[in-house]
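# Examination of the molecular architecture
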Amino acid sequence: MEQGHASQIADLLNKQNQLAIEYDAERVLGKAGEYLFDLSEDGRIACCCQLKRVQWYQAEISHVTTHAAFVRQGLGRRLIALAEQRAREDGARLIQCTIRAGNGPSEDMFKKAGFQPGPTFGNPQTGNAVTVWSKALIVPE
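Attention here is on the structure that accompanies the text.

Rules used in this analysis
Within each chain, residue numbers correspond to sequence positions counted from 1 in written order. pLDDT decides what is reported in this predicted model: residues at 70 or higher carry local features, side-chain atom pairs at 80 or more are listed and counted, and totals for whole chains, interfaces and linings draw on all residues regardless. For side-chain calculations, the full set of non-hydrogen atoms in the structure is used, while hydrogens and water are omitted. To pair, rings of Phe, Tyr and Trp, with the six-membered ring standing in for Trp, must have centres within 6.5 Å; the planes then decide the type, stacked if under 30 degrees apart, edge-to-face if over 60, and tilted in the middle. Note on exposure labels: buried denotes an accessible area under 20% of the residue type's maximum, exposed denotes more than 50%, and partly exposed covers the range between, all computed with a 1.4 Å probe on protein chains only. By definition here, charges over rings are those cases where NZ of Lys or CZ of Arg is within 6 Å of the ring centre and within 35 degrees of the ring normal. What makes a nonpolar core is a set of buried Ala, Val, Leu, Ile, Met, Phe, Trp, Tyr and Cys residues whose side-chain atoms join them at distances within 4.5 Å. Numbering of helices and strands runs from the N terminus; a helix is a DSSP stretch of H or I covering at least four residues, while a strand is a stretch of E covering at least two. Two residues qualify as a contact provided that any one of their heavy atoms is within 4.5 Å of a heavy atom in the partner residue. Multiplying 1.5 Å by the residue count of a helix minus one yields the expected span of that helix. Two strands are said to pair when DSSP picks up at least two bridges between them. Comment: axis = line fitted to C-alpha atoms, over the contacting stretch for helices; angle = value between 0 and 180 degrees taken between N-to-C directions.

### Points about the packing of aromatic side chains
Considering all chains together, one arrives at two aromatic pairs under this definition. Relative to Tyr-57, the ring of Trp-56 has its centre 5.3 Å away and its plane inclined at 75°; by these criteria the two rings are edge-to-face. On the numbers, 5.0 Å between centres and 90° between planes, the contact of Phe-110 with Phe-115 is edge-to-face. Like Phe-115, Phe-110 is buried. The ring of Tyr-23 is capped by Arg-27, whose NZ or CZ atom sits 5.7 Å from the centre of that ring.

So this is what it looks like as structure tokens:
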């Protein structure tokens, strides 16, 4: 990942999310292998997300974020599908994300991707209510 792309990802994350920590290019570069992103025709970050392995059976998608110039073009759903594919290839059995309660566009996007809402609880760092959305990647026999 290039330094410029890492800076653009950090800027997008900070501007469009209510995060407990501030992101910068160094933080993004430190986890560069976890980031999935789409570039615009002129080479800017159009959409990004982070895919983390949190348990031997579980992966987590964080901060699906689309630049304002590229919203409603299906980029977020495409990255969710790509993250799901990578999680499967890595052996994950479950994929999840946490969405701020009431964030209708994100909730709709994950619902369309087959995720189901789980419990809602407060995030003590941000004060936001968040819901855990998940999807089984393998069906029990």
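### Points about the nonpolar core
Membership of the largest hydrophobic core comes to 24 residues, with the highest contact counts inside it found for Ile-61, Val-64, Ile-80, Ile-95, Phe-110 and Phe-115. Secondary structure elements with two or more residues in this core: strand 2 (45-55), strand 3 (58-66), helix 3 (75-89), strand 4 (94-100) and helix 4 (104-112). Once residues within four sequence positions are removed from consideration, Ile-61 is found in contact with Cys-49, Gln-50, Leu-51, Ile-80, Ala-83, Ile-95, Gln-96, Cys-97, Thr-98, Phe-110 and Phe-115. Of all hydrophobic cores here, the second largest spans eleven residues; its members include Ile-9, Ala-10, Leu-12 and Cys-48.

### Regarding helix 3
For helix 3, spanning 15 residues, the distance from its first C-alpha to its last is 21 Å, which sits close to the expected 21 Å at 1.5 Å a residue. Within the sequence span of helix 3, burial applies to Leu-75, Gly-76, Leu-79, Ile-80, Ala-83, Glu-84 and Ala-87. Here the buried face of helix 3 lies against strand 1 (35-39), strand 2, strand 3, strand 4, helix 4 and strand 6 (129-136). Two residues or fewer after helix 3 comes Gly-91, characterised by a positive phi angle close to 90°.

### Topic: the sheet that holds strand 3
Two modes of strand pairing occur in sheets, parallel and antiparallel, and in both the strands are linked by backbone hydrogen bonds. Pairing in this open sheet of six strands is mixed, and the strands run 1-2-3-4-6-5 from one edge to the other. In this open sheet, the two edge strands, each paired with only one partner strand, are strand 1 and strand 5 (116-122). Taking each pair of neighbouring strands and ignoring which way they run, the sheet shows an average axis angle of 25°. Two strands pair when backbone bridges link them, and strand 2 and strand 3 are joined in this way by seven bridges, in the antiparallel orientation. If you follow Gln-55 over to strand 3, its bridge partner there is Gln-58. The sheet strands contacting helix 1 (residues 3-16) are strand 1, strand 2 and strand 3, and the helix crosses strand 2 at an angle near 85°. The strands touched by helix 4 within the sheet are strand 3, strand 4 and strand 6, with strand 4 carrying the most contacts at an inclination of about 160°.

### So, the pairing of strand 4
Where strand 3 and strand 4 come together, four bridges link them in parallel fashion. Considered in strand 4, the bridge of Ile-61 is made with Cys-97. One ladder, built from seven bridges, connects strand 4 with strand 6; its direction is antiparallel. By the bridge assignment, Ile-99 is partnered in strand 6 with Thr-131.

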